[in-house]
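Single-letter residue listing:
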Amino acid sequence: MVKDRWIAKVVILGGGTAGWMTAAALSHTFGRAVEVVLVESDAIGTVGVGEATIPPIRTFHQMIGIDEAEFIRATGATFKLGIEFRGWLNESSTYFHPFGAYGVERDIGYFFQYWLRLKEKGQVSDFSEFSLCTLAARNNVFAPASERPGDPLQHLQSAYHFDAGRYVTYLKGVCLARGVSHKIGDMLAAERDSENGHVTGLKLKSGELVSGDLFIDCSGMRAMLLGQALGVDYEDWSRWLPMNRACAVPCEQKLALTPYTISTARPFGWQWRIPLQHRVGNGVVYSNEFTTDEAAERSLLDGLEGEPLALINRIRFTAGRRKTPWCKNVVAIGLASGFLEPLESTSIHFIQSSIQRLIRYFPDAGFAPVCAQAFNKEATREIENVRDFLILHYHATERDDSELWRYVKAMQIPDSLQERIELFRERGQLNLAAEELFQSTSWHAVLLGQGIRPRTYMPTMALQDDAMLANAYGNLERNFKKIVSRLPDHAAYIKEHRLTSTMENR
Ligand SMILES: Cc1cc2nc3c(=O)[nH]c(=O)nc-3n(C[C@H](O)[C@H](O)[C@H](O)COP(=O)(O)OP(=O)(O)OC[C@H]3O[C@@H](n4cnc5c(N)ncnc54)[C@H](O)[C@@H]3O)c2cc1C
């Protein structure tokens, strides 16, 4: 790239998780070749939640040069092997969505199909018995995934729960050490180029103008640049994902330090439990169409396992996305680009994938429209696929104990999801694209957990030697049980590996 077409200065608006993750990644990728300035208001807070993640966060941390042990100690993080869903199919049901694959690697392609065949013949245990993550979670034990090919421990994939406030503080320290400039100030308006409409600077309340070449909108749901300055529309998906409010509060930890998130369905929505080293994060997610704020808050406080450690944080949102997260010379990352809802902990992942995409399509000063088009196309596909996965949790339910569950059960779902459910229901197959975030492990866990049973399997499965298969599955099950019985307790693992939080409680 010729030097005079180089993007010399990137301005990030917003100092929440999205802003600092973006600053950390850009400063790591470009070093001092691109100046990075982060502007944040000290009057407008961050959303203050977002504490459960999914496994690709590990890759992101490696990509931006973060030391895992240092990060865990700084943020009071714990490990997460998946999510336990309570009460989603019916009021007494429980199932686990594991991160690591079912079975063993060499069988993955047909592992589920073989299992369907054996299940029909009554020769195999429940599918969950073939997930190491599920078995480890049931026993509150943890070990990191092995990197040795063929080792079953490869499938012990994990992510983290971390303290959102501490994560921001930690990343900020990393960024400042790398030369990112930090400005405190309230942006009042964007200055625009009269010819092409590009943003040229942020006008702050102090009167200062912060100019730049590329602007990253990390201003949260306000979307100050993409939404307010450039007027990019918001596509509302609340007809499928009707949750529009949440209230959250941390509490003392009284129950076990589980290596997983718990998501408990309630008549009006659902409740999360996220265990950290120094406290437990709790929240209820609901819709004001189906309950009142007072009832939701009462349910939250009544369900706490220990004393609350802060005041309730109340948040409003609308499930959906900005139609073009990259418009002119503004790219929205984080809540400014959209939000589905907290179920399945995908929003921090969208930050990560947006950053990776931005680096891949990083523009020069000519801002060739194809870069923004490619970025927007991939972003759209990614969020639509995840949207369908979330809708599945609500729609495929037996619950009819409240107006909410009757609504989601009866609602018209996107054709893409309808087709996927029908194929699975017919013969247990999944029409997944390689780039989808949630692959067969996740879809198998949730489709089965939500009570969808395939009518049959692929015809070629009938050609297999059933006795040999039953034997192999039996051996695998025994082997998995043995492996899990030798793993350390989750809390003990953190202690023994010197990962204990370095900060005071709260
Ligand atoms: C209830 C709930 C639960 C969630 N749980 C999870 C979860 O478990 N896992 C997950 O992955 N994600 C979760 N998320 C999403 C996650 O919280 C966000 O993706 C993440 O925190 C990023 O937020 P953000 O940085 O985009 O916005 P924010 O945290 O809102 O930060 C916005 C920043 O912009 C600044 N700003 C705004 N306006 C101006 C202005 N005019 N001038 C200057 N600065 C300004 C603010 O000061 C702030 O620094 C959850 C979200 C909600 C609502």
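These figures come from a predicted structure and were not determined experimentally.

Draft legend 1. Focus on helix H3 (residues 68-75). Buried residues of H3: Phe71, Ile72, Ala74 and Thr75, and no others. Among the structural elements, helix H2 (56-63), strand E3 (78-80), strand E6 (159-161) and helix H6 (164-177) are those in contact with the buried residues of H3. Of the residues one or two after H3, Gly76 is the one with positive phi, at around 65°.

Draft legend 2. Local environment of the nonpolar core. By size, the foremost hydrophobic cluster in this structure holds 132 residues, and its most contacted members are Leu358 and Leu392. For this core, the element with the highest residue contribution is helix H10 (residues 369-395), accounting for 10 residues. In this structure Leu358 touches Leu26, Leu214, Ile216, Trp326, Val331, Ile333 and Phe375, once residues within four positions along its chain are discounted. Within the second largest apolar cluster, 21 residues are counted, among which are Val210, Phe215, Ala223 and Val330.

Draft legend 3. Representation of the pairing of strand E5 (residues 94-98) within the structure. Taking burial as the measure, the five residues of E5 include four buried ones, the bulk of the element. As paired strands, strand E4 (residues 82-86) and E5 are joined by five bridges and run antiparallel to one another. If you follow Arg86 over to E5, its bridge partner there is Thr94.

Draft legend 4. Broad picture of the sheet that holds strand E11 (residues 214-217). Reading across the sheet, the six strands line up as E7-E2-E1-E11-E20-E19 and stay open at both edges, with mixed pairing between neighbours. Of all strands in the sheet, those bounded by a partner on one side alone are strand E7 (181-184) and strand E19 (326-327). Two strands pair when backbone bridges link them, and strand E2 (residues 35-40) and E7 are joined in this way by four bridges, in the parallel orientation. When the sheet's bridge partners are listed, Val37 is paired in E7 with Ser181. On the sheet, helix H1 (residues 17-30) packs against strand E1 (9-13), E2, E7 and E11 and is oriented at approximately 170° with respect to E2.

Draft legend 5. Quick look at helix H11 (residues 403-410). Among the residues making up H11, those that are buried are Leu404, Trp405 and Val408. Each buried residue of H11 sits inside an arc of 90° when the element is viewed along its axis, so together they form one side. Counted as exposed and oriented over 90 degrees from the buried face of H11: Glu403 and Ala410. If you follow the buried residues of H11, they end up packed against strand E14 (261-266), strand E15 (269-275) and H10.

Draft legend 6. Summary view of the site of the ligand. Every one of the 35 residues lining the ligand counts as a neighbour, but Gly15, Ile44, Ala52, Ser347 and Ile348 are closest to it. Within the backbone of Cys218, one N or O atom sits 3.5 Å away from an oxygen atom of the ligand. One of the backbone N or O atoms of Ile348 is found 2.8 Å from an oxygen atom in the ligand. Relative to its free-state accessible area of 1000 Å², the ligand is covered by the protein chains to the extent of 97%. Elements supplying a minimum of two residues to the shell around the ligand: H1 and helix H9 (347-360).

Draft legend 7. Representation of the sheet that holds strand E18 (residues 320-322). What the three strands build is an open sheet, ordered E12-E18-E21; its pairing is antiparallel. The outermost strands of the open sheet, each flanked by one partner alone, are strand E12 (234-236) and strand E21 (338-339). Bridging between E18 and E21 involves two bridges; their strand directions are antiparallel. Residue pairing across strands places Arg321 opposite Gly338, the latter belonging to E21.

Draft legend 8. Spotlight on the pattern of salt bridges. For the coordinates displayed, the defined rule picks out 27 salt bridges. Taking the shortest distance from any N to any O, the salt bridge between Arg245 and Asp293 comes out at 3.3 Å. Remark: Asp293 occurs in helix H8 (residues 293-302) and Arg245 occurs in strand E13 (residues 245-251); sequence separation between them is 48 residues. A relative accessible area of 13% places Arg245 in the buried class.

Draft legend 9. Looking closely at unusual backbone geometry. Despite not being glycine, Lys328 has its phi angle at roughly 55°, a positive value. Within the fold, Lys328 resides in the loop between E19 and strand E20 (330-332). What makes Lys328 partly exposed here is its relative accessible area of 37%.

Draft legend 10. Main features of the environment of Ala246. For Ala246, the location among the structural elements is in strand E13. Judged by its relative accessible area of 5%, Ala246 falls in the buried class. Linking Ala246 and Thr75, residues 171 residues apart in sequence, is a C-alpha distance of 23 Å. When residues no more than four places from it in sequence are discounted, the contact partners of Ala246 are Val284, Val285, Tyr286, Asn313, Arg314, Ile315 and Phe317.

Draft legend 11. Representation of the packing of H1 against H9 within the structure. Put simply, H1 and H9 touch, their axes get as near as 10 Å, and they point 30° apart. The element H1 and its partner H9 pack so that their crossing is right-handed. Every residue of H9 that contacts H1 at Thr17, Ala18, Met21, Thr22, Ala25, Leu26 and Thr29 is listed here: Ile348, Ile351, Gln352, Ile355, Leu358 and Ile359. In terms of residue class, the contact of H1 with H9 is built from nine nonpolar, four polar and no charged.

Draft legend 12. Examining the domain arrangement of the protein more closely. Domains assigned within the protein are domain 1 (3-51 + 163-237 + 319-384), domain 2 (82-159 + 388-490) and domain 3 (245-268 + 279-316). Opposite the 19 residues of domain 2 that make contact, domain 3 presents 14 residues. Interface of domain 2 and domain 3: buried area, both sides summed, is about 1500 Å²; carbon and sulfur atoms make up 59% of it. The interface formed by domain 2 and domain 3 contains zero salt bridges. When contributions to the side of domain 2 that touches domain 3 are tallied by element, the ones reaching two or more residues are E4 and H11.

Draft legend 13. Fine view of the state of the cysteines. With the rule as written, the count across this model stands at zero disulfides. Free cysteine: Cys218, not disulfide-bonded; nearest cysteine sulfur from Cys175 at 11 Å. By relative accessible area, which is 6% here, Cys218 ends up buried. Here Cys371 stays free of any disulfide, with the sulfur of Cys327 as its closest cysteine sulfur at 14 Å.

Here is what the cut-offs are and how they apply
- Per chain, the residues get numbers from 1 upward, laid out in the order the sequence is written.
- Where totals are concerned, whole chains, interfaces and linings use all residues; where local detail is concerned, this predicted model gives features only for residues with pLDDT of at least 70, and gives and counts side-chain atom pairs only at 80 or more.
- Note: side-chain values were computed over all heavy atoms of the structure, leaving out hydrogens and water.
- Buried means the residue's accessible area, taken with a 1.4 Å probe over protein chains only, is under 20% of the maximum for its type, while exposed means over 50%, and partly exposed covers the values in between.
- Numbering of helices and strands runs from the N terminus; a helix is a DSSP stretch of H or I covering at least four residues, while a strand is a stretch of E covering at least two.
- By definition in these notes, contact holds between two residues if any of their heavy atoms fall within 4.5 Å.
- Among buried residues, the Ala, Val, Leu, Ile, Met, Phe, Trp, Tyr and Cys ones that are joined through side-chain atoms within 4.5 Å form a nonpolar core.
- DSSP-based pairing: two strands are paired if at least 2 bridges between them are found.
- Only the stretch in contact is used when a helix axis is fitted, and all axes are lines through C-alpha atoms; the angle between N-to-C directions ranges over 0 to 180 degrees.
- Note: the arc covers the axis-to-C-beta directions of the helix.
- In these notes, residues near a molecule or strand are those with any non-hydrogen atom within 4 Å of it.
- Between N or O atoms, a polar contact is any pair within 3.5 Å; within protein, one atom must be a potential hydrogen donor and the other a potential acceptor, and residues adjacent in sequence are included only when both atoms are from side chains.
- Here the Shrake-Rupley method, with its probe set to 1.4 Å, supplies the accessible areas, and only the displayed protein chains count as covering residues.
- The rule for a salt bridge is simple: a side-chain nitrogen of Lys or Arg has to be within 4 Å of a carboxyl oxygen of Asp or Glu.
- In a left-handed crossing the near helix is turned counterclockwise from the far helix by less than a right angle, and in a right-handed crossing that turn is clockwise.
- Gly counts as polar in this scheme, as do all residues outside two lists: the nonpolar Ala, Val, Leu, Ile, Met, Phe, Trp, Tyr, Cys and Pro, and the charged Asp, Glu, Lys and Arg.
- What marks off one domain from the next here is an automatic or database domain assignment.
- When two parts are put together, the accessible area they lose, computed with a 1.4 Å probe and summed over both, is reported as buried area.
- In what follows, a disulfide is any cysteine sulfur pair within 2.5 Å.

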